[in-house]
Amino acid sequence: MRPTLRHWRALLCGALLACLACLSNAQELRIGLSSNPSSVDPHFVNNDAISAVVSHAYETLVALDADARLTPALATSWRAIDDTTWEFKLRDGVKFHDGSPLTAQDVVFSLERPATIVNSPSSFAAYTRAITGKKVVDRLTLQLTTATPAPLLPNDLTRIFIVSRKSAEKATSDDFNQAKVQAGTGPFRLVKFTPGTGVQFARFDGYWGSKPAWSGVTLRALPAESARMSALLSGDVDLVENVQANLVSQFRQNKSLSVFTKVSSRVMFLYTDHRDTSPFVTDKDGKPLDRNPLKDARVRQAISKLIDRGVLAERVLDQLGVPTGNLAASGMFGFNPELKPDAVDVQGARQLLAEAGYPAGFGLTLFGPNDRYVNDKQVAQAIGQMLTRGGIVTKVQVSPMATYVGRASKKELGFGLLGWGVGGGEPSGALRGLLATPDKERGMGATNWSSYSNPQFDALLNEALNTVDDAKREALLRNATALALKKDYAIIPLYHQVSTWAARKGLTMVPRVDEFTQAQQVHAEAEDRK
């Protein structure tokens, strides 16, 4: 049961004294995470929550700033020598946590390692598949070749963390998780990872960049909202991510706290099973159906029309959502302004169901996480009610993200709620990961849990991925998005999250569109915030 506002007011009364006491302990920063990381191997699973954690210890060649713009990191510069060759100049003077210097050989090893990881729920290899050749020009210069033009290679490399070949070459994922490997270049080095509890880091004094303000960082896994909020208010942590939605306005008014928000690049959507048969799809009496109604685009469109995105954003999310019909957020490269969110149309939805052969509706189970996204459990329950009112009798099953992803990635579920951070500055990665026909060799469709496949879409996407001209590529991405989302209803976009953080007074942070919570972006202010 969710704590009442009276309960929170009582805690808020004591929060000021607790937070002021924390100011004397400025050497350590304690952060409450809304997720429970399952690994700290930077190449094991392509998951933003885990990437945010390991970004304290590991870095990429090219980084994204707080607004998803490309910026130098371990590479000081990059350029296209010709249509199929990129050259990267590495930063001199960078040391790994094991003391070895960064070289082009470490980069080559790091680009090859993701493809060697077995049993990855979602592989990073999708971001390296385009690379067909690697040439070490000198210690700090590397050339990467591709079979066809790859204008998005620098964007893709924002996802691949660089590790020390010396330390990681013979290391297993368990070695990373047990902190036996010190293979990063980041501002903090891993001290301890305890699954279900959290991660501890210590400042790396040999860091090449600006030294972080904190000698130590503890990331506590607090997926339960009430536990996370209580930890902040009692002074057990200094900062939390994903503030309980109905407390954001109250926290803003509290003088002992500071609240930070940012419209996220993460799009929340429903994946829909396109296979001939689907688990957990039944008639209205609960009996399995011989054919899968979700395979019919009219049924998928009907589902979209039954969902009131305005209610989700305003009420269920407490205004922490922006309804969308796109993958990319407004203002991002590839955003298609013609793709509006479907308006609620119950009558139109029933007509579509009748045309598809389901005038009486059918039964369905909606799956989702209960500890990963803003009010994810409540969102799933609200959608279930909306679909049921429209004739699709919907059961809702939610579980911790770690459990949910394990089943969904094996396509055991069929229909569910998921979020995707549209990273790299454009939606190419989302289109490639979520909607491309699965092709492991080419790194396509790695998270295509819908089993969607349309050769016309694949052709548009492939052309975009090989188009260097930005204007032409953006037009192709918009057309591919329109085909998949408005003609095929391959997946059903719902809204973009508004990300939130709250910290004790005296701390400030840089909120990011990718929702990453990074200790290196948190600072103690010289004076209390007003």
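Coordinates for the structure precede this section.
Along every chain, residues carry numbers that run from 1 in the direction the sequence is written. Since the coordinates come from a predicted model, pLDDT governs what is reported: local features require at least 70, and pairs of side-chain atoms require 80 or more to be given and counted, while whole-chain, interface and lining totals use all residues. Note: side-chain values were computed over all heavy atoms of the structure, leaving out hydrogens and water.

K.L.:
If you had to explain the sheet that holds strand β7 (residues 131-138) to someone new, which residues and values would you point to?
P.N.:
One requirement defines pairing of two strands: DSSP has to find at least two bridges between them. A helix here means a DSSP run of H or I that spans at least four residues, while a strand means a run of E at least two residues long, and both kinds are numbered starting from the N terminus. The strand order across the open sheet built from 4 strands is β5-β6-β8-β7, with neighbouring strands paired in antiparallel fashion. Each of the sheet's edge strands pairs with one partner strand only, and the pair in question is β5 (75-82) and β7. Adjacent strand axes in the sheet meet at a mean angle of 20 degrees when their direction is disregarded. Pairing geometry for β7 and strand β8 (residues 141-146), over 6 bridges, is antiparallel. Along β8, the bridge assignment pairs Ile 131 with Thr 146. Working rule for contacts: check all heavy atoms of both residues, and any pair within 4.5 Å makes them a contact. Fitting a line to C-alpha atoms yields each axis, with helices limited to the stretch in contact; the angle taken between N-to-C directions then spans 0 to 180 degrees. Against the sheet, helix α3 (residues 104-112) engages β6 (85-90), β7 and β8, with an angle of about 165 degrees to β7.

K.L.:
Outline the pairing of β6, listing residues and values.
P.N.:
Most of β6 sits out of view: 5 of its 6 residues are buried. As defined by bridge partners, β5 adjoins β6 across 6 bridges and the pair is classed as antiparallel. Bridged to Asp 82 within β6 is Thr 85. Pairing analysis gives 5 bridges linking β6 to β8, with the strands arranged antiparallel. Bridging across to β8, Lys 89 finds its partner in Thr 141. Relative accessible area decides the class of each residue, using a 1.4 Å probe on protein chains only: under 20% of the type maximum gives buried, over 50% gives exposed, and in between gives partly exposed.

K.L.:
Residues and numbers for the pattern of salt bridges, please.
P.N.:
Whenever Lys or Arg places a side-chain nitrogen within 4 Å of a carboxyl oxygen from Asp or Glu, that contact is recorded as a salt bridge. Counted under the stated rule, the structure contains 24 salt bridges. A salt bridge links Asp 92 to Arg 139; the nearest nitrogen and oxygen atoms lie 3.2 Å apart. One end of the pair, Asp 92, is in the loop between β6 and α3; the other, Arg 139, is in the loop between β7 and β8, with 47 residues separating them in the sequence. The exposure class of Arg 139 is partly exposed, given its relative accessible area of 44%.

K.L.:
Could you give an account of the environment of Phe 367, naming the residues involved and the relevant values?
P.N.:
Structurally, Phe 367 can be placed in strand β17 (residues 362-369). When neighbours within four sequence positions are excluded, Phe 367 is seen to be in contact with Phe 280, Gln 397, Tyr 404, Arg 407, Leu 413, Phe 415, Gly 416 and Leu 417.

K.L.:
If you had to explain unusual backbone geometry to someone new, which residues and values would you point to?
P.N.:
At Ala 68, a position not held by glycine, the phi torsion is positive, near 65 degrees. Here Ala 68 lies in the loop between β3 (62-64) and β4 (70-72).

K.L.:
Could you give me a rundown of the packing of aromatic side chains, with the residues and numbers involved?
P.N.:
Whether two aromatic rings pair depends on their centres lying within 6.5 Å, for rings of Phe, Tyr and Trp, where Trp uses its six-membered ring; planes under 30 degrees apart make the pair stacked, over 60 edge-to-face, and the rest tilted. Per the counting criterion, the structure on display carries 8 aromatic pairs. With centroids separated by 5.2 Å and ring planes inclined at 45 degrees, the aromatic side chains of Tyr 207 and Trp 208 adopt a geometry described as tilted. Judged by its relative accessible area of 29%, Trp 208 falls in the partly exposed class. Ring geometry for Tyr 271 versus Trp 449: centroids 5.4 Å apart, planes at 85 degrees, classification edge-to-face. Of this pair, Tyr 271 sits in strand β14 (residues 257-272) while Trp 449 sits in the loop between α14 (428-435) and α15 (455-465); the two residues are 178 residues apart in sequence, bridging distant segments of the chain. Taken individually, Tyr 271 and Trp 449 each receive the classification buried, so the pair is uniform in this respect. The rings of Tyr 271, Tyr 404 and Trp 449 are connected pair by pair, giving a single aromatic cluster.

K.L.:
Requested: an account of the nonpolar core, with residues and values cited.
P.N.:
In plain words, nonpolar cores are sets of buried Ala, Val, Leu, Ile, Met, Phe, Trp, Tyr and Cys residues tied together by side-chain atoms within 4.5 Å. Within the largest apolar cluster, 115 residues are counted, with the highest numbers of intra-cluster contacts made by Leu 61, Phe 251, Leu 270, Ile 303 and Leu 435. It is β14 that contributes the most residues to this core, 7 residues altogether. Ignoring any residue separated from it by four or fewer positions in sequence, one finds Leu 61 in contact with Pro 72, Ala 73, Leu 74, Ala 75, Phe 88, Leu 90, Val 107, Leu 157, Ile 160 and Ile 162.

K.L.:
Just give me the short version of empty space enclosed by the protein, but keep the residues and values in it.
P.N.:
Of the grid points, spaced at 1 Å and generated over the protein atoms alone, those admitting a 1.4 Å probe that cannot get out make up cavities, while open sets with protein on both sides within 12 Å along at least five of seven lines make up pockets; any residue with an atom within 4 Å of a point is treated as lining. Grid points are joined across faces, edges and corners, and a volume is the space filled by probe spheres set on the points. Under the defined criterion, the tally for this structure stands at 5 cavities of 30 Å³ or more. What the largest cavity holds in volume is close to 180 Å³. Lining of the largest cavity is provided by 19 residues; of these, Ala 49, Ala 52, Glu 241, Glu 515 and Thr 517 occupy positions nearest its centre. If you list the elements that add at least two residues to the lining of the largest cavity, you get α2 (48-54) and β20 (491-504). In terms of residue count, the dominant contributor to the lining of the largest cavity is α2 (4 residues). The class makeup of the residues in the lining of the largest cavity is 7 nonpolar, 6 polar and 6 charged. Classes in brief: Ala, Val, Leu, Ile, Met, Phe, Trp, Tyr, Cys and Pro nonpolar; Asp, Glu, Lys and Arg charged; the others, Gly included, polar.

K.L.:
How would you summarise helix α12 (residues 376-389) if you had to cite specific residues and measurements?
P.N.:
Over its 14 residues, α12 extends 20 Å from the first C-alpha to the last, a length consistent with the 20 Å expected when each residue adds 1.5 Å. Every buried residue of α12 is listed here: Asp 376, Val 379, Ala 380, Ala 382, Ile 383, Gly 384, Met 386 and Leu 387. Of the residues trailing α12, Gly 391 is marked for its positive phi of about 105 degrees. A helix is expected to span 1.5 Å multiplied by its residue count minus one.

K.L.:
So what's going on with α3? Residues and values would help.
P.N.:
Burial runs high along α3: 7 of the 9 residues are buried. For α3, the complete set of buried residues consists of Ala 104, Asp 106, Val 107, Val 108, Phe 109, Ser 110 and Leu 111. Looking at the buried positions of α3, the neighbouring elements they touch are β6, β7, β8, β9 (161-162) and α5 (165-168).

K.L.:
Let's hear about the packing of α14 against α15: which residues, and what values?
P.N.:
When two helices pack together, you describe them by how their axes are tilted relative to each other and by the distance separating the axes. Here α14 crosses α15 at 145 degrees, and the two axes come no closer than 11 Å. In the crossing of α14 with α15, the sense of the turn from one axis to the other is left-handed. Touching Ser 428, Leu 431, Arg 432 and Leu 435 of α14 are Phe 457, Leu 461 and Leu 465, all from α15. Here the residues of the contact of α14 with α15 are counted per class, giving 5 nonpolar, 1 polar and 1 charged. Each crossing gets its hand from how the near helix is turned against the far one by less than a right angle, where anticlockwise is left-handed and clockwise is right-handed.

K.L.:
Account for the environment of Ala 213, with residues named and values stated.
P.N.:
With respect to the element layout, Ala 213 can be found in the loop between β11 (198-203) and β12 (216-221). When the C-alpha positions of Ala 213 and His 523 are compared, they lie 6.6 Å apart, and in sequence the two are 310 residues distant.

K.L.:
Got a sec to walk through the packing of helix α9 (residues 297-306) against helix α11 (residues 346-355)? Specific residues and values, please.
P.N.:
Running from N to C, α9 and α11 point in directions that differ by 165 degrees, and their axes come no closer than 8 Å. If you check the angle between α9 and α11, you find them roughly antiparallel. The two elements α9 and α11 cross, and the hand of that crossing is left-handed. The residues of α11 that touch α9, namely those facing Arg 298, Val 299, Gln 301, Ala 302, Lys 305 and Leu 306, are Val 346, Gly 348, Ala 349, Leu 352, Leu 353 and Glu 355. Residues of the contact of α9 with α11, tallied by class, amount to 7 nonpolar, 2 polar and 3 charged. The labels follow the angle: roughly parallel below 35 degrees, roughly antiparallel above 145, roughly perpendicular from 65 to 115, and oblique for the rest.

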